[in-house]
Amino acid sequence: MKRFYYLRQILLLSLLFAPFWAEAKDKVEANVGGSIVSSYIWRGQDLGGVSIQPQVSLSYKNLYLTAWGSVGFEKEDTKEFDLTLGYTYKNFSISVTDYWFSGGDGYFHYKGENTKHTFEAQIGYDFKFVAINWYTNFAGYDGLTPQGKRAYSSFISLTAPFRLGGLDWKANVGATPWGNTFYMNSEKKFTFSEISIEAGKTISINQKFSIPIFSKVIWNPATEGAYFVFGLSI
């Protein structure tokens, strides 16, 4: 488990020393922004109501580091803080994310039954007409198999962008390949946990400022859930 602790420290130190990195590398790009969503639905799971979701990122050539969070207006809503270190090359992408969800033993507890850190590896390829991504939890709070063992809970998604009626659309299908409690798929094997379609557009406020907005309809066949989400970004 120590190797995951060291990975975590590397991610944190990367953020702390980001200003020095930026001075040394004149081609470092930085971005800050955020979104407001009417409800926080992640991979077919309901994680809260109206939420504010800030983000800051640094990138150098094909390497990037992102910090992302989510906080709702209700006390029972999930609070989340994620760090992602990734690499892209043309249409190929690979990354490692440390998800942290509120509750458990607190933020600096990376192991044990009550940890709320989940370490996930991602690999994907964008064919332009469809993007395929595979995600697998490899440490931390992972979930269990129907037999009560570590599940290495995984999620696979296919996303197809298209344009229709003057709007930008995305159709997405997501599934869990095997049974696990992390995605509320404790008794089933392969199952679809997200089928969604999203429509978006950009509203121009003036020549220098615009606001992207979207509406998204989501179904989760595994839990029989259905959601309609609206969001905007700055």
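Above this text sits the structure in question.
The rules behind the values
Residues numbered from 1 in each chain as written. Predicted model: local features only at pLDDT ≥ 70, side-chain atom pairs only at ≥ 80, totals over all residues. Heavy atoms only, no water. Salt bridge = Lys/Arg side-chain N within 4 Å of Asp/Glu carboxyl O. Helix = DSSP H or I, 4+ residues; strand = E, 2+ residues; numbered from the N terminus. Buried < 20%, exposed > 50% of the residue type's maximum accessible area, 1.4 Å probe, protein only. Contact = heavy atoms within 4.5 Å. Core = buried A, V, L, I, M, F, W, Y, C linked by side-chain atoms within 4.5 Å. Phe/Tyr/Trp six-rings, centres within 6.5 Å; stacked < 30°, edge-to-face > 60°. Lys NZ or Arg CZ within 6 Å of the ring centre and 35° of its normal. Polar contact = N/O pair within 3.5 Å; in protein donor to acceptor, adjacent residues only side chain to side chain. 1 Å grid on protein atoms, 1.4 Å probe; cavity = no way out; pocket = protein on both sides within 12 Å on 5 of 7 lines; lining within 4 Å. Points joined across faces, edges and corners; volume = space filled by probe spheres on them. Nonpolar A, V, L, I, M, F, W, Y, C, P; charged D, E, K, R; others polar. Pairing = 2+ DSSP bridges. Axes fitted to C-alpha atoms, helices over the stretch in contact; angles between N-to-C directions.

Participant: If you had to explain the pattern of salt bridges to someone new, which residues and values would you point to?
Facilitator: Applying the stated rule across the entire model yields 4 salt bridges. Salt-bridge contacts for R43 lead to E120; the nearest nitrogen and oxygen are separated by 2.8 Å. Placement of R43 in the loop between β2 (40–42) and β3 (45–48) and of E120 in strand β8 (residues 117–126) is noted, with a sequence separation of 77 residues between them. Just as R43 is buried, E120 falls in that class too. Here K216 ties to E194 by a salt bridge, and the two come within 3.8 Å at their closest N and O atoms. With K216 in strand β13 (residues 210–220) and E194 in strand β12 (residues 191–204), this residue pair connects regions lying 22 residues apart in the sequence.

Participant: Please give an account of the environment of G124 that cites residues and values.
Facilitator: With respect to the helices and strands, G124 occurs in strand β8. Dropping the residues within four chain positions of it, G124 is found in contact with N91, F92, S93, I132 and N133.

Participant: Which residues make up the nonpolar core, and what values go with them?
Facilitator: Y40, W42, L47, W68, Y99, F101, Y135, F155, F182 and Y183 form the largest nonpolar core, which has 10 residues in total. Breaking this core down by element, the ones donating at least two residues are β2 and β7 (92–101). Those residues in contact with L47 that lie beyond four places of it in its chain are Y40, W42, D77, T78, E80 and F101. In terms of nonpolar packing, the next biggest core, distinct from the first, is built from 6 residues, V37, F214, I218 and Y227 among them.

Participant: Provide a residue-level description of the packing of aromatic side chains, including the pertinent values.
Facilitator: Per the counting criterion, the structure on display carries 18 aromatic pairs. Ring geometry for F190 against F192: centres 5.3 Å apart, planes inclined by 85°, an arrangement best described as edge-to-face. The exposure class assigned to F192 is partly exposed, which follows from its relative accessible area of 37%. The rings of W42, Y99, F101, Y135, Y141, F155, F182 and Y183 are connected pair by pair, giving a single aromatic cluster. Over the face of the ring belonging to Y141 we find K116, whose NZ or CZ atom lies 4.8 Å from the ring centre. A cation over an aromatic ring shows up here: R150 above the ring of Y152, its NZ or CZ 5.7 Å from the ring centre.

Participant: Describe the side chain of S95, with residues and values.
Facilitator: Take S95: it is sitting in strand β7. Assessed through its relative accessible area of 9%, S95 is described here as buried. One polar contact links S95 to Q122, side chain to side chain, over a distance of 2.8 Å.

Participant: Before we move on, can you summarise the layout of surface pockets with the specific residues and values?
Facilitator: In this structure, the largest pocket spans a volume of roughly 1700 Å³. What lines the largest pocket is a set of 44 residues, among which W42, W68, Y135, K170 and K216 lie closest to the centre. For the lining of the largest pocket, the leading source of residues is strand β1 (residues 29–37), giving 6 residues. Its residues assigned to classes, the lining of the largest pocket shows 17 nonpolar, 19 polar and 8 charged. Lining the second largest pocket, in full, are W42, Q45, L47, T78, F101, S102, K116, Y141, T181 and F182. Grouping the constituent residues of the lining of the second largest pocket by class yields 5 nonpolar, 4 polar and 1 charged.

Participant: So what's going on with the sheet that holds β7? Residues and values would help.
Facilitator: Sheet architecture is closed into a barrel: 12 strands sit in the order β1-β4-β5-β6-β7-β8-β9-β10-β11-β12-β13-β14, paired in antiparallel fashion. Here the average twist between neighbouring strands, direction ignored, is 20°. When strand β9 (residues 131–140) meets strand β10 (residues 154–164), the two strands line up antiparallel, connected through 6 bridges. Following the sheet pairing, A131 is matched in β10 by T159.

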